[in-house]
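Descriptive structure summary
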Amino acid sequence: MSTEITPPQTTGLSRFMDRRSFIRTSAVSGAGLYLATSKSAIAQGEKAGRTIKCALVGCGAQGDRLRVAASKIPSGIEWVAVCDIWKYNRSPVARRMAYENKHQVSGPVAEYETIEEMLDKQPEIEAVFIATPDHLHAPFSRLALSKGKSVYCEKMMSNTIEGARDMVKAGREFNGIFQIGHQRHSNPRYIHLREKIIKKGLLGQVTHCYGQWNRGVSASKPLGIPKNQEIPTEMLAKYGFDNMEQFRNWRWFAKYGGGPISDLGAHQIDMFNWMYETTPVSLFATGGVDYYDGTMGPDGTPKAKFELPDNVMCLYEYKTAQGTMRAYYQVLTTTGSQGYYEKHMGVSGSAIISESPTYNQVYAEPSNDWSEYATGDDPILVKSPDSVKNKFWEHPRNWAKPAPKSYNVTGVAKAVADARESKALDPWEIPVILDVYPHTPHVANFIESVQQKDPKKLTCNVMDSFKSCVTVLKAYECLKNGQKYNFTQADFEV
Ligand SMILES: NC(=O)c1ccc[n+]([C@@H]2O[C@H](COP(=O)([O-])OP(=O)(O)OC[C@H]3O[C@@H](n4cnc5c(N)ncnc54)[C@H](O)[C@@H]3O)[C@@H](O)[C@H]2O)c1
């Protein structure tokens, strides 16, 4: 069983990179990176479209990141309002907009405590960015859409499948443009991998995928409450928060979020679906609260107490046009080992990619000569510089390996251990690096779609995001009953 996923619309995204004139500077070539020329969106300027009056709801870490990402878009956005029930987060973002997004502000940015008041008082707002905790995505998207607004809502669409399903319905009921914040869909490097490498068959039949987001314990320290910054209990309750501690640490609670598999896995499991334009047929998952149980940590302070599993491993089975594909995904919040990336493994080659530009390798299997793809002004691949061999996957390190010794019981060195290594694979790189923030092209894609009132321009519509949400959240069925989950057609339908 497979369901269709919308192909990406790449129009307009190319302005955030330059594939024709890569500068390989001596400083970066040692790290195996190619920099796009500094032809940034701002330097280029661009055809001005209609200016969209925008508002931001949720001025926390991600809301501010969207503001910063948007600042690189030269025209088309005018910030007119921000909304957050917490002044402590709201006012600094409004202030920063005035300074750092100068070209996107024409007067004071109005501040509101509630989305309801904001939408009532400023009917001229055309687009709303939602970056609140996940449980508010569905009601806030519906509210904004029902008032005739277009909506950019952060991932995970919702912490429940019902919430995500309602968002799809709201998208159908109202006319606004509705984008979900899976920003990899608009990232030129990801689009290059999908369109020019995977779809063109360079990797051959892709039989396996792998993805991981490993994050060390320092990332989950409990967030405190700054002095005299409590939100009144009635306001917290109005939006479903039990208390200030939960409001601050909403990610730990099922009521507000979907746990690390949703928070981090949302981006990467979505890539399995998107790259192959399909959805999985089955899933097996294991995981649990392995560490964050609220007991005393090794540093003498209490650990966070997660309601949802802090470590999850998922095995998906897909039926692609080429055959069976299995995908393994892990989210570990107790080790930062090897960071976060996705890997696509085919019989002719494999590709490793991440939002972090450090992870950018494509390897040819023996007997695949890819030199023809590295020619011309617009190459599909470029050769990895020989000097860079510190990539831990298929390529050996180039520093001297100490000769392995083993010792017999008398302590006398014996012969060298017999460790056979496969021949290193032929290393290549994707010749595209984003020269703006990871969210910038996605925000730009949304704004262009709003300007042109054309939902087909969106790289990440709600239906595709809904399918990803189902793909991820069904892991909890397996965790509950310890059994494989077989997806049905109905799971992915609304
Ligand atoms: N796309 C990405 O790469 C990415 C990265 C991080 C987070 N996110 C998503 O962004 C969202 C926000 O995450 P975050 O890390 O910024 O969380 P955060 O806790 O830092 O910020 C959430 C903000 O929402 C505000 N808020 C809560 N209830 C509100 C309400 N009723 N009305 C208005 N504002 C309200 C809070 O006061 C806070 O300022 C989440 O959905 C998260 O999954 C996306």
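Refer to the preceding data block for the structure.
All residue numbers refer to position in the chain's written sequence, counted from 1. Side-chain atom pairs in this predicted model are given and counted only at pLDDT of 80 or more, local residue features only at pLDDT of at least 70, and totals for whole chains, interfaces and linings cover all residues.

Describing the overall build of the chain
Applicable threshold: Strands here are runs of E lasting at least two residues and helices are runs of H or I lasting at least four, both read from the DSSP assignment and numbered beginning at the N terminus. The exposure label follows from counting other C-beta atoms within 10 Å of a residue's C-beta, where the C-beta atoms are placed from the backbone and the thresholds are 20 or more for buried and 12 or fewer for exposed, leaving partly exposed in between. The contact rule is simple: place each C-beta atom from the backbone, and if two of them lie within 7 Å, those residues are in contact.
Tallying secondary structure elements over the chain gives 15 helices and 16 strands in all. Burial analysis of the chain (494 residues in total) assigns 46% to the buried set. Partitioning the contacts of the chain with sequence separation of at least 6, the portion at a separation of at least 24 is 75%.

So, the sheet that holds strand β13 (residues 360-364)
Just so we agree on the cut-off: Think of it this way: DSSP has to see at least two bridges between two strands before they count as a pair. Axis lines are fitted to C-alpha atoms, over the contacting stretch for helices. Their N-to-C directions set the angle, which ranges from 0 to 180 degrees.
One open sheet accounts for ten strands, arranged β14-β15-β13-β12-β11-β7-β10-β9-β8-β16; its pairing is mixed. The open sheet has two edge strands, β14 (382-383) and β16 (485-486), and neither has a second partner. Sheet topology places strand β8 (residues 282-288) next to strand β9 (residues 311-320); seven bridges connect them, and they run antiparallel. Its bridge partner being in β9, Ala285 is matched across the sheet by Cys314. Sheet strands touched by helix α8 (residues 188-198): β7 (206-214), β11 (340-346), β12 (349-353) and β13. Its angle to β12, the strand with the most contacts, is close to 170°.

Quick word on the site of the ligand
This is how the line gets drawn: Nearness here is judged by the C-beta atom: place it from the backbone, and if it falls within 6 Å of a molecule or strand, the residue counts as near that partner. Three categories are distinguished: nonpolar for Ala, Val, Leu, Ile, Met, Phe, Trp, Tyr, Cys and Pro, charged for Asp, Glu, Lys and Arg, and polar for the others, with Gly belonging to the last.
If you check the shell around the ligand, you find 25 residues, and the closest are Gly58, Gly60, Gln62, Trp86 and Tyr239. If you tally residues by element for the shell around the ligand, the top one is helix α3 (residues 61-70), at three residues. Grouping the constituent residues of the shell around the ligand by class yields twelve nonpolar, eight polar and five charged.

Comments concerning the packing of α3 against helix α4 (residues 87-100)
What counts is decided by this rule: Working rule for angles: under 35 degrees goes down as roughly parallel, over 145 as roughly antiparallel, 65 to 115 as roughly perpendicular, anything else as oblique.
The contact between α3 and α4 brings their axes to 11 Å, and the two run at 5°. For the element pair α3 / α4, the angle class is roughly parallel. Contact residues: α3 offers Gly63, Asp64 and Arg67, while α4 offers Val93, Arg96 and Met97. Taken together, the residues that form the contact of α3 with α4 break down as two nonpolar, one polar and three charged.

Digging into the nonpolar core
Worth spelling out the cut-off: Note on definitions: a nonpolar core is a set of buried residues drawn from Ala, Val, Leu, Ile, Met, Phe, Trp, Tyr and Cys, linked by C-beta atoms within 7 Å.
With 109 residues, the main nonpolar core has Ala55, Val57 and Ala475 as its most contacted residues. Not counting residues up to four positions away in its chain, the partners in contact with Ala475 are Ile261, Leu283, Ala285, Val312 and Cys314. Among the nonpolar cores identified, the runner-up in size contains nine residues, and Trp252, Phe253, Tyr256 and Tyr292 belong to it.

Quick look at the pairing of β13
The buried fraction of β13 is high, at five of five residues. The alternating pattern of β13 places Asn360, Val362 and Ala364 on one face and Gln361 and Tyr363 on the opposite face, and all of these are buried. As paired elements, β12 and β13 share five bridges and run antiparallel to each other. Across the sheet, the residue bridging to Gly349 is Ala364, located in β13. The antiparallel pairing of β12 with β13 creates a hairpin that spans six residues between the two strands. Pairing of β13 with strand β15 (residues 426-429) involves three bridges; the strand directions are antiparallel. Its bridge partner lying in β15, Tyr363 is registered against Pro427.

Quick word on the packing of helix α6 (residues 137-146) against helix α7 (residues 161-173)
To characterise two packed helices, one gives the angle between the axes of the helices and the distance between these axes. As a packed pair, α6 and α7 sit with axes 9 Å apart at the nearest point and diverge in direction by 10°. Here α6 lies roughly parallel to α7, going by the angle between them. Contacts between α6 and α7 involve His137, Ala138, Ser141, Arg142 and Leu145 on the former and, on the latter, Gly163, Asp166, Met167, Ala170 and Gly171. By residue class, the composition of the contact of α6 with α7 is four nonpolar, four polar and two charged.

Brief notes about α3
Operational definition: Working note: the arc is built from the helix axis to C-beta atom directions.
Here α3 has its buried residues at Gly63, Leu66, Arg67, Ala69 and Ala70. For α3, the angular spread of the buried residues around the axis is 165°, confining them to a single face. Packing partners of the buried residues in α3 comprise β1 (52-57), β2 (77-83), α4, β4 (127-130) and α13 (440-451).

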